[in-house]
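# A look at the structure
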Amino acid sequence: GAVVSQHPSWVICKSGTSVKIECRSLDFQATTMFWYRQFPKQSLMLMATSNEGSKATYEQGVEKDKFLINHASLTLSTLTVTSAHPEDSSFYICSARDPGGLADTQYFGPGTRLTVL
Amino acid sequence: GQNIDQPTEMTATEGAIVQINCTYQTSGFNGLFWYQQHAGEAPTFLSYNVLDGLEEKGRFSSFLSRSKGYSYLLLKELQMKDSASYLCAVRDHNQAGTALIFGKGTTLSVSS
């Protein structure tokens, strides 16, 4: 199947700082990528849909000024958590839709565990 | 809006068969996916259904009834490594980018 990478795997930062997470599709071009957040023992919650060359579409309740998304190329989307606070600590997972694959299946990156102190 | 329901937890023994059910309500159904997620890892794709019926893939099969808003994932010959969370996800063409909407997941524990 298609491969999606995510960097970093984990990050610990101080409250008030910003953290950038990268999501790359390694062997296909993804015009659409998605960012999810998952709290312990809960399901994935869609945060935003990232479209190459245009503004991201954010889900209700997700602050677009706090979670900055940039989809600069067909293989890279970034999520920047600005002025992070302890309540932002979570598992952040990106996925990329493979338009050439079975039914535009979404493939997930390995996730980034963010801990804000 | 969308609503996806699946049991929270299930237990089974090695070698057994288990069926994980999922019911959904969505305005623009465009496919149902099952993913497996081990603790601390990202979900991995298991199966996809868009038409009614059964899709078989080795030890795993998935069934869909669009009229009933119902799907199940069937796992045969269970192995210890099948202990994981199983996520039912629906694709909605009314959702931006046709994003997947996930259920809360079913945690399956397989014992020897």
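Residues numbered from 1 in each chain as written. Chains lettered and ligands numbered in written order. Predicted model: local features only at pLDDT ≥ 70, side-chain atom pairs only at ≥ 80, totals over all residues. Heavy atoms only, no water.

## Observations concerning the sheet that holds strand β1 (residues 4–7) of chain A
All names here are of chain A. Taken together, four strands build an open sheet; the order of strands is β1-β3-β8-β7 and the sheet is antiparallel. Two strands lie at the open edges of the sheet, namely β1 and β7 (67–73), each paired on one side alone. Across the sheet, the axes of successive neighbouring strands diverge by a mean angle of 15 degrees, strand direction being ignored. Two elements, β7 and strand β8 (residues 76–81), share five bridges in a ladder whose sense is antiparallel. What sits directly across from Asn-70, in β8, is Thr-78. (Pairing = 2+ DSSP bridges. Helix = DSSP H or I, 4+ residues; strand = E, 2+ residues; numbered from the N terminus. Axes fitted to C-alpha atoms, helices over the stretch in contact; angles between N-to-C directions.)

## Overview of the sheet that holds strand β6 (residues 53–57) of chain B
All names here are of chain B. Judged by pairing direction, the sheet is antiparallel, and its five strands sit side by side in the order β1-β3-β8-β7-β6 without closing on themselves. One side of each edge strand has no neighbouring strand; the edge strands of this open sheet are β1 (3–5) and β6. Strand-to-strand twist in this sheet, taken as the mean axis angle between neighbours without regard to direction, amounts to 15 degrees. Here β1 runs beside strand β3 (residues 18–25); their pairing, made up of three bridges, is antiparallel.

## A word on the state of the cysteines
Tallied over the entire structure, the rule returns two disulfides over all chains. Bridging Cys-23 of chain A to Cys-94 of chain A, the disulfide has an S-S length of 2.0 Å. When the S-S torsion is 80 degrees, as for the bridge of Cys-23 of chain A with Cys-94 of chain A, the disulfide is right-handed. On the criterion of sequence distance, the pair formed by Cys-23 of chain A in strand β3 (residues 19–25) and Cys-94 of chain A in strand β9 (residues 90–97) is long-range, its members being 71 residues apart. When sorted by exposure, Cys-23 of chain A lands in the same class as Cys-94 of chain A, which is buried. Disulfide pairing places Cys-22 of chain B opposite Cys-88 of chain B at an S-S distance of 2.0 Å. Its torsion about the S-S bond being -70 degrees, the disulfide of Cys-22 of chain B and Cys-88 of chain B is classed as left-handed. (Disulfide = S-S within 2.5 Å. Buried < 20%, exposed > 50% of the residue type's maximum accessible area, 1.4 Å probe, protein only.)

## Describing the environment of Gln-6 of chain A
Residue and element names in this part refer to chain A. Position of Gln-6 relative to the elements: it lies in strand β1. Assessed through its relative accessible area of 7%, Gln-6 is described here as buried. Once residues within four sequence positions are removed from consideration, Gln-6 is found in contact with Ile-21, Glu-22, Trp-35, Tyr-92, Ile-93, Cys-94, Gly-109, Pro-110, Gly-111 and Thr-112. A polar contact is formed between the side chain of Gln-6 and the backbone oxygen of Tyr-92, at a distance of 2.7 Å. Within polar-contact distance, the side chain of Gln-6 engages the backbone nitrogen of Gly-111 at 3.1 Å. (Contact = heavy atoms within 4.5 Å. Polar contact = N/O pair within 3.5 Å; in protein donor to acceptor, adjacent residues only side chain to side chain.)

## Quick word on the environment of Ile-21 of chain A
Residue and element names in this part refer to chain A. By the element assignment, Ile-21 lies in strand β3. Assessed through its relative accessible area of 0%, Ile-21 is described here as buried. Through-space distance from the C-alpha of Ile-21 to that of Glu-52 is 16 Å; in sequence the pair is 31 residues apart. In this structure, Ile-21 is in contact with Gln-6, His-7, Pro-8, Trp-35, Ser-77, Thr-78, Leu-79, Tyr-92 and Thr-112, ignoring residues within four places of it in sequence.

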